[in-house]
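Read off the chains here:
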Amino acid sequence: MIVVTTESIAGHRTTTSLGQCFGVVVRSRGLGGNILASLRTILGGEIKEYTSLLEEARKHATDRMVANAQAMGANAIVMMRFDSNEIGQSMSEIVAYGTAAVVEPIS
């Protein structure tokens, strides 16, 4: 599966656009992570607990998006993007989305 953030894929042409595909993940920050993160906000700097949580959530959302596109018959996803939202005080929603497409190499 080719996944790109661009409208087209170098060396390929899009033969069919199959529509929107997406993957959604909602993750909760645990109590321990919240306490450590709260302490880090006092001191400043990167909050590694949240960084790793969001990196893992993005990968999971991307994997779900790819599975969705494959179920649609795609071999590529173009114009891929991420979106995220907070739900309540302790949950994050990560959405990976793009356009499922069938592409073929240009001969």
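Note: the structure precedes this text.
Computed from a prediction, not measured in an experiment: that's the story for all the values here. (Residues numbered from 1 in each chain as written. Predicted model: local features only at pLDDT ≥ 70, side-chain atom pairs only at ≥ 80, totals over all residues. Heavy atoms only, no water.)

*Asks:* What's the story with the sheet that holds strand E1 (residues 2-3) in this structure? I'm lost.
*Replies:* Through backbone hydrogen bonds, the strands of a sheet pair up, either in parallel or in antiparallel fashion. Pairing is mixed across the open sheet formed by four strands, whose spatial order is E1-E3-E4-E2. Lying at the two open borders of the sheet, with one neighbouring strand each, are E1 and strand E2 (12-28). Here 10 bridges tie strand E3 (residues 76-87) to strand E4 (residues 91-105), and the two strands are oriented antiparallel to one another. Of the residues in E4, the one forming a bridge with Asn85 is Glu93. (Pairing = 2+ DSSP bridges. Helix = DSSP H or I, 4+ residues; strand = E, 2+ residues; numbered from the N terminus.)

*Asks:* Explain the nonpolar core here, please?
*Replies:* When a protein is soluble and globular, its nonpolar side chains tend to lie buried together. Residues Cys21, Met65, Ala69 and Ile77 are the most contacted members of the largest nonpolar core, which totals 13 residues. The element that contributes the greatest number of residues to this core is helix H2 (residues 48-71), accounting for five residues. With six residues, the next largest nonpolar core counts Val4, Val78, Ala101 and Val103 among its residues. (Core = buried A, V, L, I, M, F, W, Y, C linked by side-chain atoms within 4.5 Å. Buried < 20%, exposed > 50% of the residue type's maximum accessible area, 1.4 Å probe, protein only.)

*Asks:* Help me understand H2 in this model?
*Replies:* Since there are 3.6 residues in each turn of an α-helix, residues three or four apart along the chain are aligned in direction. For H2, built from 24 residues, the straight-helix expectation of 34 Å at 1.5 Å per residue is met to within 8% by its first-to-last C-alpha distance of 35 Å. For H2, the set of buried residues is Leu53, Ala57, Ala61, Thr62, Met65, Val66 and Ala69. A positive backbone phi angle near 95 degrees is found at Gly73, which sits one or two residues after H2. (Expected span 1.5 Å × (residues − 1).)

*Asks:* Just to check I follow, could you spell out a nonpolar patch on the surface for this structure?
*Replies:* A cluster of nonpolar side chains, namely Val26, Ile87 and Met91, defines an oily patch on the protein surface of about 210 Å² accessible area. Note on placement: Met91 falls in strand E4. Given the relative accessible area of 32%, Met91 is considered partly exposed. (Patch = residues over 30% accessible without salt bridge, like charges linked within 9 Å, V, L, I, M, F, W, Y side chains within 5 Å. Areas by Shrake-Rupley, 256 points an atom, 1.4 Å probe, with all protein chains shown as cover. Salt bridge = Lys/Arg side-chain N within 4 Å of Asp/Glu carboxyl O.)

It is worth stressing that arrangement in space is one thing and function is another; only the former is reported here.
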